[in-house]
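Okay, here's what each chain looks like letter by letter:
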Amino acid sequence: MSRTAIITGSSRGIGAQIALRLAQDGFNIALNDLNETMFENNDIAAQCRACKVEAEIFCADVSKYEACEELVKAVKERFGTIDVLVNNAGITRDGLTARMTEEQYDLVISVNQKSVFNLMKLAGNVMMRQKYGKIINVASVAGLYGNPGQINYAASKAAVIAMTKTVAKELGSRNINVNAIAPGFIETPMTDKLTPEQKAKMLEVIAMRRYGKVSEISGAVSFLASEDSSYITGQTLEISGGLAM
Ligand code: NAD
C-alpha cells in the first residue's frame, strides 16, 4: 500500500511545492488549506495526480482543534494511513512590538503554533498505532534569531522548534521521526508582501546573495520524509543560503 502525506496550507507557495515533490516521491497526497477557493486558481491536485498517486483536498482551519480532528479522521478514512505530516500552514501579521495589537499577536500564535500542537497530537496518535511516521514542521530563521517587527511570528516559530524537540523525545521509541526546517527568505506570496527596501536589506546578509526557491525547501522535506533520514530526529535544518553561521 502507498504511504500518505498530509501537507497543511498546501494550495500555494512552499506547501504546494512540498505536495508536488512528495507526490513525485510516490506518496498519496492530502492537500489542505482554509477553503476550496484557495485551490480554484491552481491545478496542484491535478499535478499531484499526474505523478500517478492519489490526491485529495481537505479544507480545514488547522488553528482549530475540532477542525483538525475532522481532518485527521477524513484523511485516515480516505487513505488508510497517515505516514507523513508536514505542518506548513503559516501566516504573518507584522508590526513593531510597541504597535502590535493583541489580535495580531494571538492570531499568528494560533495559526503557526497551536496548529502544530493540534496535528502533532492527532496525527501523532495515528502514527503511534502504526508504529511509523515522519513529522516535519516548517519553522523559520525568525524563530532561531528573532526579527524586528515579528515578535508574534518569531515566538510562534521558536515554539515550533521546541515542540519539535519535545515530541521527538516522546515519539522516538515508536519509530516516529520529528524534525523541523527553518527556511530563510524564500520567494512566495508571503514574502511578495515585503517592500523592495526590505528585500534589498535581506540580500546583504545572505551568504549566497540570492533568495531561496520553493524547490530548495521541498527537496529537504523529501529527504526528511524518506528512509534516508531514519536516524535523524529532533533536529532543525536551516535552509537560508547562509543567513547566519
Ligand atoms: P503562503 O502564504 O504562500 O502559504 C501559506 C498557506 O497557508 C496559504 O495557502 C494559507 O492560506 C495557508 N493557511 C494560512 N492559515 C491557515 C489555516 N489556519 N489553516 C490552513 N491553512 C492555512 O506562505 P509560504 O511562504 O508558502 O509559507 C509556508 C510556510 O513556510 C509558513 O509556515 C511560513 O511561516 C514558512 N516560512 C516561509 C518563509 C518564506 O520566506 N516564504 C520563510 C520561513 C518560513
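On a predicted model such as this, the values are computed, not experimentally measured, just so you know. All residue numbers refer to positions counted from 1 along the written sequence of the respective chain. This being a predicted model, a pLDDT of at least 70 is required before a residue's local features are given, and a value of 80 or more before pairs of side-chain atoms are given or counted; all residues contribute to the totals for chains, interfaces and linings. Excluded from the side-chain calculations are hydrogens and water; all other atoms, namely the structure's heavy atoms, are used.

1. Observations regarding unusual backbone geometry
Our working rule: The numbering of helices and of strands both runs from the N terminus, where a helix is a DSSP run of H or I of at least 4 residues and a strand a run of E of at least 2.
Notably, N175 is not glycine yet its phi reads approximately 65 degrees, a positive angle. Residue position: N175 is located in the loop between α6 (151–171) and β6 (176–183).

2. Digging into the sheet that holds strand β3 (residues 55–59)
By way of backbone hydrogen bonds, the strands of a sheet pair with one another, either parallel or antiparallel. The criterion, for reference: Strand pairing is defined by DSSP finding a minimum of two bridges between the two strands. Here an axis means a line fitted to C-alpha atoms, over the contact stretch when the element is a helix, while the angle between two N-to-C directions is reported on a 0 to 180 degree scale.
What the 7 strands build is an open sheet, ordered β3-β2-β1-β4-β5-β6-β7; its pairing is parallel. At either margin of the open sheet sits one strand with a lone partner, and together these are β3 and β7 (236–239). Between one strand axis and the next, the sheet turns through 20 degrees on average, direction left out of account. One ladder, built from 4 bridges, connects strand β1 (residues 4–7) with strand β2 (residues 28–33); its direction is parallel.

3. A closer look at the side chain of N137
Let me state the cut-off plainly: For the exposure calls, accessible area comes from a 1.4 Å probe over protein chains only, and a residue counts as buried if that area is under 20% of its type's maximum, exposed if over 50%, partly exposed in between. Throughout, a contact is declared for two residues whenever any of their heavy atoms are within 4.5 Å.
Mapped onto the fold, N137 is located in strand β5 (residues 133–138). For N137, a relative accessible area of 0% translates into the label buried. The residues touching N137, leaving out its near neighbours within four places in the chain, are N87, V116, M120, V160, T164, V178, N179, A180 and I181.

4. Considerations on the nonpolar core
Most often, soluble globular proteins keep nonpolar side chains buried together rather than apart. Selection rule: Buried Ala, Val, Leu, Ile, Met, Phe, Trp, Tyr and Cys residues that are joined via side-chain atoms within 4.5 Å together make up what is termed a nonpolar core.
Of all hydrophobic cores here, the largest spans 32 residues; its most connected members are V75, I82 and I135. At the level of elements, α3 (65–79), α4 (102–130), α6 and β6 are the ones that each hand at least two residues to this core. Those residues in contact with V75, other than ones at most four positions away along the chain, are T4, I6, A30, F58, G80 and I82. If you look at the next biggest cluster of nonpolar residues, it comprises 31 residues, including I7, L31, A55 and I217.

5. Considerations on the site of the ligand
Put simply, the rule is: To be near a molecule or strand, a residue needs just one of its heavy atoms within 4 Å of it. Two N or O atoms count as a polar contact when they lie within 3.5 Å, although within protein this holds only if one can serve as hydrogen donor and the other as acceptor, and sequence-adjacent residues are included solely when both atoms are side-chain atoms. Surface accessibility follows the Shrake-Rupley procedure with a 1.4 Å probe radius. Residue values consider only the protein chains on display as shielding. Residues were grouped as follows: Ala, Val, Leu, Ile, Met, Phe, Trp, Tyr, Cys and Pro as nonpolar; Asp, Glu, Lys and Arg as charged; and all remaining residues, including Gly, as polar.
Near the ligand you find 30 residues, and of these R12, D33, N88, Y153 and T188 are the closest. Between the ligand and S11 there is a distance of 3.4 Å, counted from an oxygen atom to a side-chain nitrogen or oxygen. Take Y153: an N or O atom from its side chain is 2.5 Å from an oxygen atom of the ligand. Protein contacts shield 96% of the accessible area of the ligand, which totals 830 Å² for the unbound molecule. Secondary structure elements with two or more residues in the shell around the ligand: α1 (13–24), β2, α6 and α7 (189–192). Class assignment for the residues of the shell around the ligand results in 16 nonpolar, 10 polar and 4 charged.

6. Brief notes about the pattern of salt bridges
Stated precisely, the cut-off is as follows: What counts as a salt bridge is simple: a side-chain nitrogen of Lys or Arg found within 4 Å of a carboxyl oxygen of Asp or Glu.
Counting across every chain of the model gives 7 salt bridges. For E56, the salt bridge identified is with R78, shortest N-O distance 2.8 Å. A residue pair is termed long-range when its members are at least 10 positions apart, and E56 in strand β3 and R78 in helix α3 qualify at 22 residues. For R78, a relative accessible area of 33% translates into the label partly exposed. Among the salt bridges present, the one from K64 reaches D61, with a minimum N-O distance of 3.4 Å. With relative accessibility at 46%, the residue K64 sits in the partly exposed group. One salt-bridge network, in which partners are shared between bridges, spans E54, E56 and R78.

7. Regarding the packing of aromatic side chains
Rules: Each pair of aromatic rings taken from Phe, Tyr and Trp, with Trp reduced to its six-membered ring, is defined by centres within 6.5 Å and is described as stacked if the planes are under 30 degrees apart, edge-to-face if over 60, and tilted in the remaining cases.
Overall, the coordinates contain 3 aromatic pairs when judged by the stated rule. Between Y65 and F117, the ring centres sit 6.4 Å apart and the planes meet at 25 degrees, which makes this aromatic pair stacked. One end of the pair, Y65, is in helix α3; the other, F117, is in helix α4, and 52 residues separate them in sequence. Its relative accessible area of 24% is what places Y65 among the partly exposed residues. F117 gets classed as partly exposed once you look at its relative accessible area, which sits at 40%.

8. Considerations on the packing of α4 against α6
What describes two packed helices is the angle between their axes and the distance between those same axes. Our working rule: Here the angle decides the label: under 35 degrees means roughly parallel, over 145 means roughly antiparallel, 65 to 115 means roughly perpendicular, and every other value means oblique. Left-handed describes a crossing in which the near helix is turned anticlockwise from the far one by less than a right angle; the clockwise case is right-handed.
Remark: α4 packs on α6, axes separated minimally by 8 Å, with the N-to-C direction vectors making an angle of 15 degrees. Taken together, α4 and α6 sit at an angle that is classed as roughly parallel. For the element pair α4 and α6, the recorded crossing hand is right-handed. Contacts from Q104, Y105, V108, I109, N112, Q113, V116, F117, M120, G124 and M128 in α4 reach I151, N152, Y153, A155, S156, K157, A159, V160, M163, T164, V167 and L171 in α6. Tallied by class, the residues present in the contact of α4 with α6 amount to 15 nonpolar, 7 polar and 1 charged.

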